[in-house]
Amino acid sequence: MMSKKWLLLAMVCFGALFFAFRNSSLGMLEPSNPRQQLLKEVGRVLQEQHYDPKNIDDKFSRLVFNRFLDQLDGDKTMFLQKDIDSLKVFETRLDNEILGEPISFLPAVSAMYNRLLEECAGIYQEILRNPFDFSVAETGEPDGEKIPFVKTEAERKDRWRKKLKYFALERYADLIEQREKNKDQKDFKVLPDSALERKAREQVLKLMNDNYGRIRSTFKEEVRFSTYLNTITNLMDPHSDYLAPVEKRAFDERMSNEFFGIGAQLTKDDYGIKIASIITGGAAYKSGQIVVNDVIIKVAQGNEEPVDVTAYATEDAVKLIRGNKGTEVRLTLKKEDGTIKVVSLIREKVNQDQGLARSAVIRQGDKKVGYILLPDFYSNFEDANGYHCAADIAAELQKLKAEKVDGIVIDIRTNGGGSLYEVVKMVGLFIKSGPIVQVKDRSGNVDQRTWYDSDDRILYNGPLAVLVNQFSASASEIFAGAIQDYNRGIIIGSSSTFGKGTVQRQVPFGSRNDFSSFRTDQGAMTLTFQKFFRVNGGSTQLKGIVPDIILPDPYEYYKVREKDMREALPWDEIPRAQYEPWGKRETLDAIIAKENKAISSNPSFNLLKDNLIWLSKNNEMPPSLQLDSYQKKQKQIQQTASQNNTLLTLSGEMTIEYLESEKDKFLNHPDKSKSDFYAAWIRSLRKDLHIEEGVRVISQLADAEKNTLVKNR
């Protein structure tokens, strides 16, 4: 089933951040009006430190006005045009508020939003009381950018009707399909169309009630203010963001691959957020008071007032349960026997090794190829003994060298970036020495020396291939670009990587409230302050890295790259740095030409390309709300997607094994969920078309290297 825009899905730029520095000096705020002071400080930092700031003037104010309302009502089912018109008094005043005048726009919008939220709840509940007629030929338009705000309440109700009808149609068609598949099964109750239609509406009502419950519980004044700040920062470029304190902590957790929590996995069902599993040795395990299937009703930070999380999404509850090292969290739990219990826990470090670099061995013919997956360029800025991806990659390389592999494939597909320090160290594992990346600041100054590998030692000098895709961003693009520029290996992937060529640093606001991590009470901003450039002088901004060997990719034609983003900074270039390539490209070019020729003449790949273009275009079309038309289109989509899955999957399986040194860790992990995770990971690799291409390239590079050695004897 294709993703639906009405569900506000985003094929996100996953944070794709590239950090040169952990933070800059604190932006101190006056206590009298912290929000007003924070807004003013954000504006000041953007104007004084952003790489390419827009003027904060009336034009900017209009952009903020329109973009923030889009954030609140993306599919234009909430605000009427008269509501927008009534707010236009603020349209050219927001720049003044950013520069220090009292905040009046956000309170006015929030009051209106609260009223409209309840109005719309009444609208969807009323509409869902009555059956839908799926025989009517009509379409809906989920993309708010293609439609204006409605002028009348009747138009708004009709837009809601189409939105809800589509949700119901999806479920109704699924129920009909299930009935047809199971009608001859014993004990299966065959329901008439009318009963299935009613059941579909009931499912949509639950979906909407859950969604609106979450909005009421979590999208409160504080979160709206953060959203407003993000609207302002994102207008400078897509990667300048404001992070509220809880979001800042979540960001740090991702960057460091480390967090402090209770040591439990959560899930959600009709009864609420539940304990799905407990990590042996964690805080929840050691308490002896928490068991699987306990329902979490409330979460409190120490002695503070507990927050009711009944309507929360799992990820929102997780943000409250995790916290700073050694702090207290109190969970109000409902046990299976109906009793209520409050459990106090002290947050401890939770080992999440699934997010770390890991490797396997692939056997193909007489070749033994090492495979390394790097999910992120992670780095613990607070702890020198914490996780650092370059050191982890070095350890994986040593393990693979001990296995006597013929070459190595490094997989950074869907790796959104991370630490600039780490990518420099990581490239240095494969080259003698030299510049890794150049950076340019807002004044035009170019730095070719800071991000330089000065260590002549090479940890691995054998055949190398790197896998990328359109979600490989930032640090991933620097790594792939450096390997390509130094002629050190062959890059394999989709037509280009993501195309993010900017560097961010963190600017914290307020007072420090956690000295072990230097977090503050007013959060922080990730500020774009530099652009980075390949050593050949070209920017990765917008264009990304073009792989040497281009393979089909399921998301190739979807608009998910930097170039598809509003406010993306432009491409440019600077002079080439002085560096010495690894060697001549003759061998690489011969293999690249051979593989690209085979791919371009492959009829299966050409069919796949046509299918992917059709699917992407279809996704942009307004969906039909008529059952017959919908079913026909879904059948086409499912058949095409099924054909694509076949075309993107190897017919046979590669032989992929755990490293000898890792078998006990993976196969006999004390946490069974983790050993199951690693087993599933190995299985997922065996039919991967891109990995198989990497193995084929390594085999050819290894043979070429062997032939060269024989000739030189």
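Below, the structure is looked at part by part. Keep in mind that what you see is a predicted model, and the values were worked out from it rather than measured.

Quick word on the overall build of the protein chain
- Counting its regular elements, the protein chain contains 20 helices and 26 strands.
- The C-alpha atoms of the protein chain give a radius of gyration of 27 Å, which matches the 27 Å a tight globule of 713 residues would have.
- In terms of principal-axis extent, the alpha carbons of the protein chain reach across some 85 × 70 × 55 Å.
- Put simply, 78% of the contacts in the protein chain that link residues at least 6 apart link residues at least 24 apart.
- A total of about 32,100 Å² of accessible surface is found on the protein chain, and carbon and sulfur atoms cover 50% of it.
- Taken as two groups, the 102 positive and 103 negative side-chain charges of the protein chain have centres that lie 2 Å from each other.

As for the pairing of strand E4 (residues 264–269)
- Bridge count between E4 and strand E5 (residues 272–278): six bridges; the pairing is antiparallel. Counted as the bridge partner of Ala264 is Ile278 from E5.
- Linking E4 to E5, which pair antiparallel, is a turn of two residues.

What about unusual backbone geometry?
- Of note in this structure, Asn257 is not a glycine but carries a positive phi near 60°.
- One can find Asn257 in the loop between helix H9 (245–256) and strand E3 (259–261).

Focus: helix H14 (residues 475–485)
- Extensive coverage of H14 is indicated by the burial of eleven of its eleven residues.
- Here H14 has its buried residues at Ala475, Ser476, Glu477, Ile478, Phe479, Ala480, Gly481, Ala482, Ile483, Gln484 and Asp485.
- Once H14 ends, the next one or two residues include Asn487, with phi positive near 55°.

Description of the sheet that holds strand E20 (residues 490–493)
- With mixed pairing, the seven strands of this open sheet are ordered in space as E25-E20-E19-E13-E12-E11-E26. Strands at the two margins of the open sheet, each flanked by one partner only, are strand E25 (549–550) and strand E26 (655–657).
- Pairing of E20 with E25, which is carried by two bridges, proceeds in the parallel orientation. Looking across to E25, one finds that Gly493 is bridged to Ile550.

Observations regarding the packing of helix H6 (residues 153–182) against helix H7 (residues 193–218)
- Closest axis-to-axis distance for the H6/H7 pair is 8 Å, and the angle between their directions is 130°. In this view, H6 runs oblique relative to H7, as classed from their interaxial angle. Viewed along their axes, H6 and H7 form a crossing whose handedness is right-handed. Here Trp160, Leu164, Phe167, Ala168, Arg171, Tyr172, Leu175, Ile176 and Arg179 of H6 lie close against H7, whose contacting residues are Asp193, Leu196, Glu197, Lys199, Ala200, Gln203, Val204, Leu207, Met208 and Tyr212.
- Tallied by class, residues from the contact of H6 with H7 come to 13 nonpolar, one polar and five charged.

Each value, and the rule that gives it
- Residues numbered from 1 in each chain as written.
- Predicted model: local features only at pLDDT ≥ 70, side-chain atom pairs only at ≥ 80, totals over all residues.
- Heavy atoms only, no water.
- Helix = DSSP H or I, 4+ residues; strand = E, 2+ residues; numbered from the N terminus.
- Rg over C-alpha atoms; globule rule 2.2 N^0.38 Å.
- Contact = heavy atoms within 4.5 Å.
- Areas by Shrake-Rupley, 256 points an atom, 1.4 Å probe, with all protein chains shown as cover.
- Lys, Arg positive; Asp, Glu negative; His and termini not counted.
- Charge placed at Lys NZ, Arg CZ, Asp CG, Glu CD.
- Pairing = 2+ DSSP bridges.
- Buried < 20%, exposed > 50% of the residue type's maximum accessible area, 1.4 Å probe, protein only.
- Axes fitted to C-alpha atoms, helices over the stretch in contact; angles between N-to-C directions.
- Parallel < 35°, antiparallel > 145°, perpendicular 65-115°, else oblique.
- Left-handed = near helix turned anticlockwise from the far one by under 90°.
- Nonpolar A, V, L, I, M, F, W, Y, C, P; charged D, E, K, R; others polar.

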